[in-house]
Amino acid sequence: MYDTVMTTDTDLCAAAIKRGRVVAFSTETVYGLGADCFNEEAVKAVFDAKGRPADNPLIIHVCSIEQAKTVVKSWTQDMDMLARNFWPGPLSLVAKKADAVPDIVSGGKDTVAVRMPGNFYALDFIKKCGVPIAAPSANTSTRPSPTKAIHVLKDMNGKIPYILGGGDCAKGIESTVYDMESRSVLRPGTVTAEDIERVIGNINRDLDERDAHKSPGTKYPHYSPAYKVVLVEGENIAKKTHELYNSAVQTGLKCVILDIDGQVDVNGDSRLNYNGDVNRFARELYDTLISHEGNTDVMFITGTAKQGVGLAVMNRLEKAAAGNIVIS
Ligand code: TXA
Ligand code: MG
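First things first, this report covers the structure right here in the doc.

Analysis parameters
- Just so you know, the residues in each chain are numbered from 1, in the order the chain's sequence is written.
- To label them, take the chains in the order written and letter them from A, then take the ligands in the order written and number them from 1.
- Given that the model is predicted, a residue must reach a pLDDT of at least 70 before its local features are reported, and side-chain atom pairs must reach 80 or more before they are shown or counted; all residues, however, enter totals for whole chains, interfaces and linings.
- To get the side-chain values, all heavy atoms of the structure are used, and hydrogens and water are removed first.
- Secondary structure elements are taken from DSSP: a helix is a run of H or I of four residues or more, a strand is a run of E of two residues or more, and numbering for both begins at the N terminus.
- Each radius of gyration is computed over the set of C-alpha atoms, and the globule rule expresses the reference value as 2.2 Å times the number of residues to the power 0.38.
- Classification of residues uses two cut-offs on accessible area relative to the type maximum, computed with a 1.4 Å probe and protein chains only: under 20% is buried, over 50% is exposed, and between them is partly exposed.
- Definition used for salt bridges: Asp or Glu carboxyl oxygen within 4 Å of a side-chain nitrogen of Lys or Arg.
- It suffices for a single heavy atom of a residue to lie within 4 Å of a molecule or strand for the residue to be listed as near it.
- Whenever a nitrogen or oxygen atom comes within 3.5 Å of another N or O atom, the pair is scored as a polar contact, on the condition that within protein one atom can donate a hydrogen and the other can accept it, and that pairs from neighbouring residues in sequence are kept only if both atoms are in side chains.
- Accessibility throughout is a Shrake-Rupley quantity obtained with a 1.4 Å probe, and a residue counts as covered only by protein chains that appear here.

1. Comments concerning the overall build of the chain
For step 1, the next point in the chain: Within the chain, the secondary structure is distributed over 11 helices and 15 strands.
For step 2, the next point in the chain: The C-alpha radius of gyration computed for the chain amounts to 20 Å, which stays within 12% of the reference 20 Å derived for 328 residues, consistent with globular compactness.
For step 3, the next point in the chain: Taken along its principal axes, the extent of the C-alpha atoms in the chain is 60 × 50 × 30 Å.
For step 4, the next point in the chain: Put simply, the chain has 328 residues, and 56% of those count as buried.

2. What about the pattern of salt bridges?
For step 1, the next point in the chain: In the structure shown here, the tally under the stated rule is 22 salt bridges.
For step 2, the next point in the chain: Arginine 143 is the partner of glutamate 293 in a salt bridge, and the nearest nitrogen-oxygen pair spans 2.7 Å. Residue glutamate 293 is located in the loop between helix 10 (278-291) and strand 14 (298-302), and its partner arginine 143 is located in the loop between strand 7 (133-135) and helix 6 (149-156); the two are separated by 150 residues in the primary sequence.
For step 3, the next point in the chain: Using a relative accessible area of 22% as the deciding quantity, one classes glutamate 293 as partly exposed.
For step 4, the next point in the chain: On the basis of relative accessible area, arginine 143 is assigned to the partly exposed category, the value being 23%.
For step 5, the next point in the chain: Glutamate 243 is paired through a salt bridge with lysine 239; the nearest N and O atoms lie 3.5 Å apart. Taken together, the residues glutamate 243 and lysine 239, both in helix 9 (residues 237-250) and 4 residues apart, mark about one turn of the helix.
For step 6, the next point in the chain: Given the relative accessible area of 38%, glutamate 243 is considered partly exposed.
For step 7, the next point in the chain: Look at lysine 239 and you get exposed, because its relative accessible area is 56%.
For step 8, the next point in the chain: Three or more residues joined by partner-sharing salt bridges are found here, namely Asp11, Asp124 and Lys128.

3. Comments concerning the site of ligand 1
For step 1, the next point in the chain: Around ligand 1 lies a shell of 27 residues, among which Thr29, Arg52, Asn56, His61 and Ser175 are the nearest.
For step 2, the next point in the chain: Contact between ligand 1 and asparagine 56: an oxygen atom at 2.8 Å from a side-chain N or O atom of the residue.
For step 3, the next point in the chain: When ligand 1 sits alone it has 670 Å² of accessible area, and the protein chains cover 98% of it.
For step 4, the next point in the chain: Elements that contribute at least two residues to the shell around ligand 1 include exactly strand 4 (59-61), strand 6 (111-115) and strand 10 (184-187).
For step 5, the next point in the chain: Ranked by the residues each element gives to the shell around ligand 1, the list is headed by strand 6, at 4 residues.

Structure follows, in structure tokens:
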């Protein structure tokens, strides 16, 4: 057990990493739970703190392209173009791993995901650590990802020595995971397939189940708050959500509607209207899921178009709904 300390002192946090400790740190996407990627014991402690299955690999965070080159077997021209266009930023590149990276980081796979986070505290911290930092999102497995230092504190209090609290996450959902070999997006994010194509030309867009399982994390339950989430998709989202909401409220359940496109006709505090601003929705999603715990029985979320950032948002919502998807 630790007396978990919340700090903005990157020297203190980097010193802890050098002692083989686990440190949570802010990024522009979600908070990460970091360890020295070359220290197997430290990486194991990350899996333990999260309760993460051993076959689900971690993303390696770097502070420069030079450092990225130390964790992959070869640095291709496409990787260089993507890194120069999107780093620091929310794009993780999957490529053959360097032998120096322990198998525990890659979940036994021969590839690694690597990215340079776009957050001042993260970059300063990684630079001071002097080693690349392996980090998953800083939540207990299956829970919504943390986008504020307080989320990490609630979840990880006592389990880790430090939280590097660099403010709220600007993007709010995890990075795009792009596989160099199959030229496909394994996890959509705020860097979209269109963005990637503008830099390296056509990529493989028909991601099937087989490809999805290339990213082991996609098969596990995710983003689940302590109440029921119902996602409404299809042609008549407004009408269907209204009906479902009314009948649930009549049975005495405490309900709330997250209305991404601002189309449901329910007034009052029980509707959060994002007016079609999918970037704001992404930024606030996990905090909204977490902050409604304890006073909510059901959350109805209206679906949005699966394009651009909408695709990334719908990917998270379909998981959070854990099968409670109503097609209207
Ligand atoms: O924005 C992010 O990506 C955040 C911050 C902390 O950087 N990290 C994050 O990590 O979301 P995590 O562990 O929650 O999700 C990593 C995803 C998982 O779906 C995992 O399976 C996939 O990336 N992944 C990691 N390494 C991989 C690899 N070698 N091949 C395929 N997928 C990989
Ligand atoms: Mg995660």
